[in-house]
Amino acid sequence: FRVGYTEQVFDRRKYSLKPGHKDHHKAIYINDMGFREPFPDDFKRKKLIVCLGDSIPFGSGIKNNETYPAQLAVLLEASNKNLTAMNAGVPSYNLRQSFDRLEIDVIPLISLSQIHLITIEAANDISLLTYYRDQWTPDVTWASTLFKGNKLNLSKYKKIAIFFYLSKVLDRDLQIELTQNRFH
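Summarised in this report is the structure supplied together with it. Please read these numbers as outputs of a predicted model, since none were measured by experiment. (Residues numbered from 1 in each chain as written. Predicted model: local features only at pLDDT ≥ 70, side-chain atom pairs only at ≥ 80, totals over all residues. Heavy atoms only, no water.)

### Observations regarding the overall build of the protein
Spelled out, the test is: Every helix listed is a DSSP run of H or I at least four residues long, and every strand listed is a run of E at least two residues long, numbered separately from the N terminus. Here the term buried applies to any residue with accessible area under 20% of the maximum for its type, exposed to any over 50%, and partly exposed to those in between, with areas from a 1.4 Å probe on protein chains only. Should any heavy atoms of two residues lie within 4.5 Å, those residues are counted as being in contact.
For the protein, the helix and strand inventory stands at 6 helices and 7 strands. In sequence order, the secondary structure elements of the protein are arranged as β-β-β-β-β-α-α-β-α-β-α-α-α. Taking all 184 residues of the protein together, the buried fraction comes to 41%. Considering only contacts within the protein whose residues lie at least 6 apart along the sequence, 60% involve residues at least 24 apart.

### Quick word on helix H3 (residues 95-106)
Stated precisely, the cut-off is as follows: Polar contacts here mean pairs of N or O atoms no more than 3.5 Å apart (in protein, one a potential hydrogen donor and the other a potential acceptor; neighbouring residues in sequence count only if both atoms are side-chain atoms).
Three or more residues of H3 are buried, namely Arg96, Gln97, Ser98, Asp100, Arg101, Leu102, Asp105 and Val106. Buried residues along H3 sit against strand E2 (15-17), strand E5 (47-53), strand E6 (83-89) and strand E7 (115-120). At the N-terminal end of H3, a side-chain oxygen is found 3.2 Å from the backbone nitrogen of Arg96, two or three residues along, and the residue is Asn94.

### Quick notes on the environment of His21
Mapped onto the secondary structure, His21 falls in the loop between E2 and strand E3 (22-23). Since its relative accessible area comes to 14%, His21 is described here as buried. In contact with His21, not counting residues within four places along its chain, are Gly4, Tyr5, Ile28, Tyr29 and Ile30. Side-chain polar atoms of His21 contact the backbone oxygen of Gly4, separated by 3.2 Å.

### Quick word on the pairing of E6
What counts here: When DSSP finds two or more bridges between a pair of strands, those strands are recorded as paired.
When you tally the buried positions in E6, you get 7 out of 7 residues, the bulk of the element. The alternating pattern of E6 places Leu83, Ala85, Asn87 and Gly89 on one face and Thr84, Met86 and Ala88 on the opposite face, and all of these are buried. One ladder, built from 7 bridges, connects E5 with E6; its direction is parallel. Following the sheet pairing, Leu48 is matched in E6 by Thr84.

As structure tokens, this is what we get:
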């Protein structure tokens, strides 16, 4: 999985964010601990909402300060509570990789008593389960499928998750409409 802000790791995750990566053109900055910026300076003194998951918390395609964990941190800071958010998302991660990230990268940094809440985005698992069904295992990721030469049998629009799910709904609704029209 070769994306500029990722690097290979030698555990079940296979890859993680590259500490210290800076892409000024795309406004993607990974701090020295391997988390997307903005990262709370005072994270050791506050309770944290840890945002785990895939490209949704990571914020693929958007600037660091536009990610939902960054926006959540701004709202929490404005509320004057002793609470902030950290972005622990990694694009294309599945649920197992996200929990491995929690164990390998997050827990060594902070104490468990600091974690107020963990959010988990599992959109990749849902789409992988939908596509692979019985062949799905916790080791299947979109990255491993797309970048190891395996070709998916999806139209280009269905490769984008939202279009994939919308197409399923539209297909179902179209089938219902066709069925109802046959009997009228």
